[in-house]
Amino acid sequence: MTAATTTLPSSPRSFSNAQIALAFVAVAVVLTILQYIGLLPAWMHRLPEAIIPNFASVLDTVFNFVKDDLGLLALTRFLTEGLEWLLDFSANIFFGKRRFPNIGPIPWTAMAAVASVIGYYLGGWRLALLGGGTMVWTALIGQWEIAMQTMSVLAIAAPLAFVIGLSLGIAAWKYAWVDKAIKPILSVLQTLPFFTYLLPAVIFFKVGPTAGAVATTIYAIPPMILMTTLGLKKVSPEVVEAGKMSGCTKAQMLRHVYIPSARTEILVGVNQVIMLSLAMVVLTAFIGMPGLGAKLLAMMGSFKLGRSFEIGITIVLLAVMLDRMSKAWVIKQPEHFERGTPLWKKHSMLLLGLGLFIGFTLLSLVVPFLAEVGRGQDFSQGKELDNLIKAFLNIEWVKATTGFLRAFLNVQVLIPFRNFMLSIPTPAFILLVAAFAFALAGRREAIYALVFFSLVALSGWWDRAIITLYSVISAVSLAALIGLPIGILASRSKKWSERVLLVCDTAQTFPSFVYLIPAIMLFGITDVAVIFSILVFAMVPLTRYTIEGLRNVPEEMTEAADMSGAKRFQKLWSVQLPIALPTMAVGFNQAIMFAFFMVIIAAFIGTQDLGQELQRTLAGTDLGKNFVLGICVSLMALTFDLTIMKWAADKKRMLGLQ
Amino acid sequence: MNKFTTALTAGTLALAPLSAFAADSDDPIVIPIHNWSSQIVMSNVVGQILEMNGNAVEYVTTDSQAVYESVRLGDVTLEMEVWEGAFGASFRAAMEKGGIVDVGDHDAVTREDWWYPMWTKDACPGLPSWEALNDCAALFATAETGDKGRYLDGPVDWLKHGQERVEALGMDFVVVNAGSAAALWAEIGAAEADKRPIVVFNWTPNFAEAVWPGEFVEFPEWVDGCDKDPAVGPNPDALYDCGNPANGYMKKAAWEGMEEKWPSAYDILEKINFTNPQIAEMAKLVDIDELEPEEAAEVWLEANEGVWKSWLN
């Protein structure tokens, strides 16, 4: 403590951020050294149990009060019934659940035809092929019914997220106080681990598709709100003026002026909603969401690698199809026809779709195979794939490499690093994080870091939080070592950039659960397997943003470098990278957020971090503990998010990029 | 389509003679499905039996621990497999809160303990005795555990007390916890390729027996109180110095309101009773023969009419 008083003067303003950060680091180092030579009292190393407040039980009491005494449960259960009716309706249409209106299921051939027509309408032959092909693959591989179970819930959850997100976005744009109230909630929501959504969803909305739909909706809302507000704010004054001059009422202004002008941003929001909904397919299976996710978990539970791999491919195909279609929709401008164009011509695509739909529906009444691919008629190659994957994992050099990695990385690097992080006294660690925020961003972020990490310490889950952080830091560092060079190399040519970005897209939508098993088979139940599974996921944004940052460097600058005779490496190092750095920092930030997301899933391999405790709370009704753990993860992620984003924004302003 | 129509006709046919005293509600009975095959098939078997009784049945996928809270609230009507070791705690906790009832035991017994696949025995012929296992500890060493053996325990939340047992019996093993059942299978699968000796947590009945033949390690026999009284068991100063009970119960549980709402279905549920071989057969239909669970249930019902016919009212 004496070190702190001597290096920290009463008026910090006279010192630069870097100096204060350095002072923080110095204090932290002194504390750590004291700990190592055994002079630090125990209460300075870890908060004593006695002063840790029991947040969990307080929260439990509050939850129970709100749930039972204020009647929230009765309200949500009432809403559940409405939601259930909607879900039953779509379930009947998609896979023929015996509910109103009792007309489903739609034959797969009819669906495939409609998907092709929509694809053609939005983006020509390529999208038609993608749409139809995805449906045909799903049916022929024998996953039609489970895929439609998934789609039947998404068909309700995604529009719901769209409507709620759009309304909240409009409200936030209209009223400053809504915007102010919503912003922090959104930040927390976006960093909260999904396990924290799941338990309340079950308690309030009943296990099954209803809870799955609610969790999916909540997860998908934030980007919709953000994109709506962003789009509405960007509407140009001239357009608004024109609307006012033509005498629009307030409602007309919104409907005919603002929303059409913000169309692009709103549709980007729609795209985000769809992608996030698909990301939840497997996770919501834990709370009774039927379909692809549930089947995947069952397949993993009986060690069927091939079949789970096939389900993974289906999910990727569905995601890519919906992603490309909604992106094509963003670009496609509304069509305008000359006056007097016959009605059928205006709606030729609609008619074609309808015609094919009816045609295939009728045809499938005669040919049952076109209605449903029956048992044993599918082309699943589960067993063959099983053997293929196992054979690959058993190749000598693969085993030798992973064996070496396991022995070296785990024993020499990871375990010592983890033990070191755990040995740092709590106050020293908090100071280090604050110093990091101070040096990169500034005083405000440093205060946030101090408060957030102190709260984590007070939660009583410090050790587990540190292990979580250790996994995140190790994985992101390794991901940067691999992902950045790939991004830099790929950015040299347009062709390679596109290829690598496609791989990124696929890796991002491929359900992470599928590669948990191969990761374990390669590396055993060790930290290497955990880090590996996070790394695969965290590498994606790093590579993507590196490519985007480097390719968007203004041409004048690279030309200037060429003219002054810079070598390729010099150009990269002193011109391109500095300018791309802020964008790369955004990628780095996203990598950290993804890592915080994945580290929770990695609990299924076997960890001793917050994710493991969170997974445990799913079993019971420990809402309080569940919430405390979730907030711990969220606070840590938020600290990094705030700091890095502030840094990137500052840098961009300095470079005059914004 | 086909499956639905058969089920529907079967349902209506069965309903006709029964309608005289069918006081069961028309609401569907909600049966939970978990992520292991025997449970999925068994639930489908029971569902199809109840459909023959004229009940409407629906399946919902749930977590096997969280399900007890759902049963308590009536969101889920029944649970076919309550394992003493794995779910006893969740079940008892739900019982204490109220809303869930015990509908009796299956004849099937459950066992959960340290287990090894057969190839391990080639390297360590003294097995299954635990002393022999301990003498071979070095065979199970990994890069992380040094010269001690590694025992792969179930997820921490299964509360298997592997660590306590290692200490109580003074074994040269390090306990590592897997994060999920899938993680356990992945480790066994990886060891299978080069027949590496491995000792992991496992249980019966499950699909693994059919895929990887193996045996449980024989620890000092379970004596009541081994988990509460240090004096019980070979080590007078330690708890958990015995193996787990070799015949744990497997119960059926139901929502409290089931008996009133669907009396006839509840009556059937009380009579339903499966044995270990029957359960193994159900699992085999899915895990080895690669049938879909609903289809496996149909096949099983067809082949075992003698077993279930008498349960129907």
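Parameters at a glance
Residues numbered from 1 in each chain as written. Chains lettered and ligands numbered in written order. Predicted model: local features only at pLDDT ≥ 70, side-chain atom pairs only at ≥ 80, totals over all residues. Helix = DSSP H or I, 4+ residues; strand = E, 2+ residues; numbered from the N terminus. Rg over C-alpha atoms; globule rule 2.2 N^0.38 Å. Contact = placed C-beta atoms within 7 Å. Buried ≥ 20, exposed ≤ 12 C-beta atoms within 10 Å, placed from the backbone. Pairing = 2+ DSSP bridges. Axes fitted to C-alpha atoms, helices over the stretch in contact; angles between N-to-C directions. Expected span 1.5 Å × (residues − 1). Bend = angle between axes of the 7 residues up to and from the residue. Domains from an automatic or database assignment. Nonpolar A, V, L, I, M, F, W, Y, C, P; charged D, E, K, R; others polar. Core = buried A, V, L, I, M, F, W, Y, C linked by C-beta atoms within 7 Å. pLDDT = per-residue confidence, 0-100. Parallel < 35°, antiparallel > 145°, perpendicular 65-115°, else oblique.

## Some remarks on the overall build of chain B
- The number of helices and strands found in chain B is 14 helices and 10 strands.
- At 22 Å, chain B has a C-alpha radius of gyration in line with the 20 Å of a compact globule built from 313 residues.
- The contacts of chain B with a sequence gap of at least 6 include a subset with a gap of at least 24, amounting to 71%.

## Some points on the overall build of chain A
- Per the secondary structure count, chain A includes 29 helices and 0 strands.
- Taking 26 Å as the expected radius of gyration for a compact globule of 658 residues, we find that chain A reaches 27 Å, a close match to that expectation.
- Judged by the C-alpha coordinates and their principal axes, chain A covers about 85 × 65 × 65 Å.
- Relative to its 658 residues, chain A shows a buried fraction of 48%.
- In chain A, 78% of the contacts between residues at least 6 apart in sequence involve partners at least 24 apart.

## Here we look at the sheet that holds strand β10 (residues 250–255) of chain B
All names here are of chain B.
- Across the sheet, which stays open at both edges, the 3 strands sit in the order β3-β10-β4 with antiparallel pairing between neighbours. Only two strands of the sheet have a single neighbouring strand rather than two, namely β3 (78–83) and β4 (100–105). Between one strand axis and the next, the sheet turns by 30° as a mean value, whatever way the strands run.
- Those strands touched by helix α4 (residues 84–97) are β3, β4 and β10, and its axis lies near 125° from that of β3.

## A look at helix α8 (residues 176–191) of chain A
- The end-to-end C-alpha distance of α8(A) is 23 Å, a good match for the 22 Å that 16 residues give at a rise of 1.5 Å each.
- A:I182 marks the point of greatest bend in α8(A), at about 25°, and the proline A:P184 comes within the next four residues.

## Let's talk about the sheet that holds strand β9 (residues 214–216) of chain B
All names here are of chain B.
- Spatial ordering of the open sheet is given by β7-β6-β8-β5-β9, a layout of 5 strands whose pairing is mixed. Edge positions in the open sheet fall to β7 (173–177) and β9, since each of these has one partner strand only. Neighbour-to-neighbour, the strand axes of the sheet open up by a mean angle of 40°, direction not taken into account.
- Of the pairings in the sheet, the one linking strand β5 (residues 111–117) to strand β8 (residues 199–204) comprises 5 bridges and is antiparallel in character.

## What about the environment of A:I225?
Residue and element names in this part refer to chain A.
- Residue placement: I225 occurs in helix α10 (residues 209–233).
- Since 27 C-beta atoms lie within 10 Å of it, I225 is described here as buried.
- Look past the residues within four positions of I225 in its chain and what remains in contact with it is G165, L168, G169, A172, I182 and L186.

## Brief notes about the domain arrangement of chain B
Residues and elements named next belong to chain B.
- Structurally, chain B comprises domain 1 (2–109 + 248–311) and domain 2 (111–216).
- The C-alpha centroid of domain 2 is placed 32 Å from the C-alpha centroid of domain 1.
- Each partner contributes to the interface: domain 1 provides 16 residues, whereas domain 2 provides 10 residues.
- Elements that contribute at least two residues to the side of domain 1 that touches domain 2 include exactly α2 (37–52), α4 and α12 (276–287).
- Examining the composition of the side of domain 1 that touches domain 2, we find that 6 residues originate from one element, α12, more than from any other.

## A word on the interface of chain A and chain B
- Facing 44 residues of chain A, the contacting portion of chain B comprises 42 residues.
- Those elements that place two or more of their residues in the side of chain A that touches chain B are α14 (292–301), α18 (382–393), α19 (396–423), α24 (516–523) and α28 (610–619) of chain A.
- Residue contributions to the side of chain A that touches chain B peak at 5 residues, all from α14(A).
- Considering only residue class, the side of chain A that touches chain B consists of 24 nonpolar, 14 polar and 6 charged.

## Things to note about the environment of B:E81
Residues and elements named next belong to chain B.
- Along the chain, E81 falls in strand β3.
- What makes E81 buried here is the crowd of 24 C-beta atoms within 10 Å.
- The spatial distance from the C-alpha of E81 to the C-alpha of E215 is 23 Å, given a sequence separation of 134 residues.
- The contact partners of E81, leaving out residues within four places of it in the chain, are Q39, M42 and M250.

## Some words on the nonpolar core
- Grouped together as the largest cluster of nonpolar side chains are 292 residues, with contacts concentrated most on A:I520, A:I534, A:A538, A:A595, A:C632 and B:V41.
- Looking at which element gives the most residues to this core, the answer is helix α7 (residues 144–174) of chain A, with 18 residues.
- Excluding its chain neighbours within four sequence positions, the residues that come into contact with A:C632 are A:V456, A:S459, A:W461, A:A465 and A:L610.

## Points about the domain arrangement of chain A
All names here are of chain A.
- By the assigned domains, chain A splits into domain 1 (154–301) and domain 2 (418–423 + 460–619).
- Taking only C-alpha atoms into account, the centre of domain 1 sits 26 Å from that of domain 2.
- For the side of domain 1 that touches domain 2, the secondary structure elements donating two or more residues are α9 (195–205) and α14.
- The class makeup of the residues in the side of domain 1 that touches domain 2 is 9 nonpolar, 1 polar and no charged.

## Some words on the confidence of the model for chain A
- Per-chain confidence: chain A averages 87 in pLDDT, with 97% of residues scoring 70 or above.
- Ignoring residues within four places in sequence, the model shows residues 1–12 of chain A, a span with pLDDT below 50, making 9 contacts including any to other chains.

## Here's the deal with unusual backbone geometry
- A cis amide bond, omega 10°, links B:L127 with the succeeding residue B:P128.
- Within the secondary structure, B:P128 sits in the loop between α5 (119–123) and α6 (130–135).
- Residue B:T204 is joined to B:P205 through a cis peptide bond whose omega torsion reads 5°.
- Summarising the element assignment, B:P205 is placed in the loop between β8 and α9 (208–211).
- Here A:K206, not a glycine, exhibits a phi torsion of approximately 70°, which is positive.
- When you line up the elements, A:K206 lands in the loop between α9 and α10.

## So, the confidence of the model for chain B
- Chain-level statistics for chain B give a pLDDT mean of 86 and a share of 93% at 70 or above.
- The ipTM for the predicted assembly is 0.79, set against a pTM of 0.85.

## A look at α12(B)
Residues and elements named next belong to chain B.
- The first and last C-alpha atoms of α12 sit 16 Å apart over 12 residues, in line with the 16 Å expected at 1.5 Å per residue.
- Most of α12 is tucked away, with 9 of its 12 residues classed as buried.
- Every buried residue of α12 is accounted for by Q278, I279, E281, M282, A283, K284, L285, V286 and D287.
- In the core, the buried residues of α12 are packed alongside α2, α9, α13 (293–303) and α14 (305–308).

## Focus: the pairing of strand β6 (residues 149–153) of chain B
Residues and elements named next belong to chain B.
- Counting buried residues in β6 gives 5 out of 5 residues, a clear majority hidden from the surface.
- The alternating pattern of β6 places G149, Y151 and D153 and R150 and L152 on opposite faces, both of which are buried.
- In the sheet, β6 pairs with β8 via 2 bridges, with the strands oriented parallel. Directly across from L152, in β8, lies its bridge partner V200.

## Details of the packing of helix α13 (residues 263–279) of chain A against helix α15 (residues 305–331) of chain A
All names here are of chain A.
- At a minimum axis separation of 9 Å, α13 and α15 run at an interaxial angle of 175°. In terms of orientation, α13 lies roughly antiparallel with respect to α15. Residues T264, L267, V268, V270, N271, I274, M275 and L278 of α13 lie in contact with α15, whose contacting residues are I315, L318, A319, L322, D323, S326, K327, W329 and V330.
- Taken together, the residues of the contact of α13 with α15 sort by class into 12 nonpolar, 3 polar and 2 charged.

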